[in-house]
Amino acid sequence: MGKTIAEKILSQKSGQDARANDIVVAELDFVMGQDGTSGLAIRAFEEMNSTRVFDPAKIAMVIDHSAPSPLEGVSALHQQMRVFADQQKINFYDIGDGVCHQLVPEQGHVVPGNLVIGADSHTCTYGAINVFSTGVGSTDLAAGLSSGKLWFKVPETFKFVINGKLPPGVHSKDLILYLIGDVTADGATYMAAEYTGEAIAALSIEGRFTISNMAIEMGAKCGLMEADEKTVAWVNAHSNKPFTPVQADPDATYARVKEYNVSKLEPQVAKPHTVDNVSPIGEVAGIPIQQGVIGTCTNGRIEDFRIAANILKGRKLAHGTRLIIAPSSRQVMLQAMREGLIEIFMEAGAAVVTPGCGPCVGTHNGVPSDGENVISTANRNFKGRMGNNKAFIYLASPATVAASVLYGKISDPREFNS
Amino acid sequence: MNLQGKVHKFGNDVNTDYIISGRHKFKTLDMKELAKHVMEDLDPEFYNKIDRGDFIVAGSNFGCGSSREQAPLAIINADISAVIAKSFARIFYRNCINTGLPLIECDTDLINPGDALEIDLGAGILHNLTQNIDIPITPLPPVMLKILNDGGLVEHFKKYGGFNFD
């Protein structure tokens with residue numbers, strides 16, 4: 001009987017014939033922590049009486065959630081990470097380097113077929129390049145740092161077959177919001193999602209990262225895609241590590257299979273206060289907006305900024321509307337500068353902040369005021385997420401955010417199709 | 001392990017931002033301090049309503065969202081003895097096992113706010129004292145039960161120097 005991608009990777013890494021619902025202890029190819037989770041992990045690592053990490057080259061810590069530090073307490077946590085990274089000789093990314101989920105693939109740390117944990121729920125992002133990567137908490141991170149292993153319940157797989165061709169002005173963010181709205185926030189809980197079909201194949205690797213990034217928002221453990229020629233070329237451009245892509249067997253067993261045709265998909269918007277509260281643009285167009293955000297691990301890549309700049313070029317933000325641009329990495333920001341995109345944003349009236357998580361998680365860089373509406377390219381719109389539980393967060397594509405800040409209200413980006 | 005307390009009831013999809021907001025969790029590793037803000041965005045007075053040993057009871061998908069381990073730690077440090085829900089999000093589920101917070105999956109429609117419950121974790125029995133009914137609970141898989149019985153993953157590692165499920 002055939003296997004899914006998840007079953008194959010967990011079989012290879014555990015040395016057992018792993019099938020859905022088995023529990024295995026498996027070898028990790030890479031382990032990552034960020035500044036919201038590493039402090040507790042370092043404490044747990046020490047409490048476990050561990051002294052050395054299992055392999056410094058296979059570990060990274062990233063300061064991205066509150067970077068640069070806005071508070072004394074945060075500064076102390078950052079310092080603790082710097083000391084640990086220095087002592088253990090692990091890969092370390094400091095303020096301004098970028099968001100962990102951009103850096104880990106961009107810096108070539110992970111390649112197809114790998115098994116990866118990260119102490120951040122959006123670690124599922126690397127599924128886009130055929131990596132079984134999943135979010136864990138700080139104590140699991142500590143166990144991974146110490147032993148290079150972790151126990152896993154082999155997930156069942158929910159296969160999404162995406163047929164058709166996305167229309168102009170409709171992007172991968174619209175597709176994943178639509179899927180989450182359809183299956184709901186716990187539609188794939190405990191499962192691996194596998195995304196396949198011609199609409200996935202047509203996406204760039206950057207567009208695919210957006211899809212896999214939000215697998216957790218449907219409850220999934222990972223958001224896997226097969227490696228095609230685009231994947232292999234992208235990974236070879238970013239990493240020197242050898243790899244063998246892992247494809248699903250044609251006779252693999254799936255817990256659920258759903259097929260979609262996206263040829264008539266419209267721009268989608270997730271409304272407050274849950275990610276699965278999704279509407280087509282027509283139902284929310286006209287809602288006033290005070291702040292826009294383009295960036296984060298979901299949509300802070302160069303392709304996203306090209307799309308936004310195309311709409312914002314030569315135009316100004318509506319009166320009373322703000323726009324925050326948060327590039328996902330130093331490399332992305334440098335590329336955006338070379339292409340003149342940062343200039344376009346600045347001239348339009350945007351504020352450009354340090355590469356990192358930006359205002360997504362409510363720690364700094366643009367906490368909204370009471371009663372304000374924010375439209376963001378991030379992945380969560382929970383009440384209080386951006387630091388104020390009296391604000392309202394809408395989630396959309398970079399194109400929809402760019403169009404909306406020009407009018408000061410939620411607006412259909414297809415008007416700017418050229 | 002026998003647990004007894006009263007019920008604080010919440011709905012579906014209680015995410016980890018609601019359990020402990022990002023605006024608090026990044027500031028400190030002092031979990032007693034963070035515990036004062038537990039569930040604050042859903043009920044600003046929640047912390048003051050807790051008596052030692054009480055239960056959080058919710059619908060489906062409890063603990064969805066971010067991987068923050070501060071979520072179960074804030075609940076533990078607020079003197080909640082267990083979380084009871086129809087289903088849990090998976091990272092939160094693991095974090096509870098690893099930090100030693102008991103979690104129970106059952107039909108929570110049979111539990112009302114303010115009900116007094118008694119739970120025998122070893123025997124897998126949940127008794128609703130107020131309504132005088134027994135509610136069946138889903139047993140934990142052996143690997144998770146072993147970590148929980150060892151007192152969490154840190155204690156498991158201290159005991160065995162790594163994973164040991166034999």
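Cut-offs and rules
Residues numbered from 1 in each chain as written. Chains lettered and ligands numbered in written order. Predicted model: local features only at pLDDT ≥ 70, side-chain atom pairs only at ≥ 80, totals over all residues. Core = buried A, V, L, I, M, F, W, Y, C linked by C-beta atoms within 7 Å. Buried ≥ 20, exposed ≤ 12 C-beta atoms within 10 Å, placed from the backbone. Helix = DSSP H or I, 4+ residues; strand = E, 2+ residues; numbered from the N terminus. Contact = placed C-beta atoms within 7 Å. Pairing = 2+ DSSP bridges. Nonpolar A, V, L, I, M, F, W, Y, C, P; charged D, E, K, R; others polar. Right-handed = clockwise from strand over helix to strand, strands pointing away.

Asker: Quick one: what's the story with the nonpolar core, residue by residue and with numbers?
Answerer: Nonpolar side chains tend to gather and get buried jointly when the protein is soluble and globular. Core analysis: the largest hydrophobic core is formed by 194 residues, its most contacted members being Ala193 of chain A together with Ala74 and Val83 of chain B. Sort the elements by how many residues they give to this core and helix 12 (residues 302–312) of chain A lands first, with 7 residues. When near neighbours in sequence (up to four residues on either side) are disregarded, Ala193 of chain A contacts Phe158, Phe160, Ala188, Ala215, Met218, Ala220, Gly223 and Leu224 of chain A.

Asker: Account for the pairing of strand 1 (residues 2–9) of chain B, with residues named and values stated.
Answerer: All names here are of chain B. Where strand 1 lies against strand 5 (residues 116–120), 5 bridges are found, and the strand directions are antiparallel. Bridging across to strand 5, Gly5 finds its partner in Leu117. As paired strands, strand 1 and strand 2 (residues 55–57) are joined by 3 bridges and run parallel to one another. Note that in strand 2 the partner of His8 across the bridge is Ile56.

Asker: How would you explain the interface of chain A and chain B if you had to name every residue and give the values?
Answerer: Contacts between the two partners involve 47 residues from chain A and, on the opposite side, 37 residues from chain B. Elements supplying a minimum of two residues to the side of chain A that touches chain B: strand 1 (23–27), helix 2 (38–47), helix 3 (72–88), helix 5 (138–147) and strand 7 (149–153) of chain A. Broken down by element, the side of chain A that touches chain B gets its largest block of residues, 6 residues, from helix 5 of chain A. Looking at the side of chain A that touches chain B residue by residue, the classes come out as 15 nonpolar, 22 polar and 10 charged.

Asker: Before we move on, could you go through the pairing of strand 3 (residues 82–85) of chain B and cite the residues and values that matter?
Answerer: Residue and element names in this part refer to chain B. With burial as the criterion, each face of strand 3 is covered, one bearing Ala82 and Ile84 and the other bearing Val83 and Ala85. Pairing of strand 2 with strand 3 involves 3 bridges; the strand directions are parallel. Looking at strand 3, one finds that Phe55 is bridged to Ala82. You can see the chain leave strand 2, run along helix 5 (residues 70–77) and come back into strand 3, and the turn it takes is right-handed. Examined bridge by bridge, strand 3 and strand 4 (residues 103–106) share 3 bridges and lie parallel to one another. Looking across to strand 4, one finds that Ala85 is bridged to Glu105. Since strand 3 and strand 4 lie parallel, the crossover through helix 6 (residues 90–99) that links them has a hand, and here it is right-handed.

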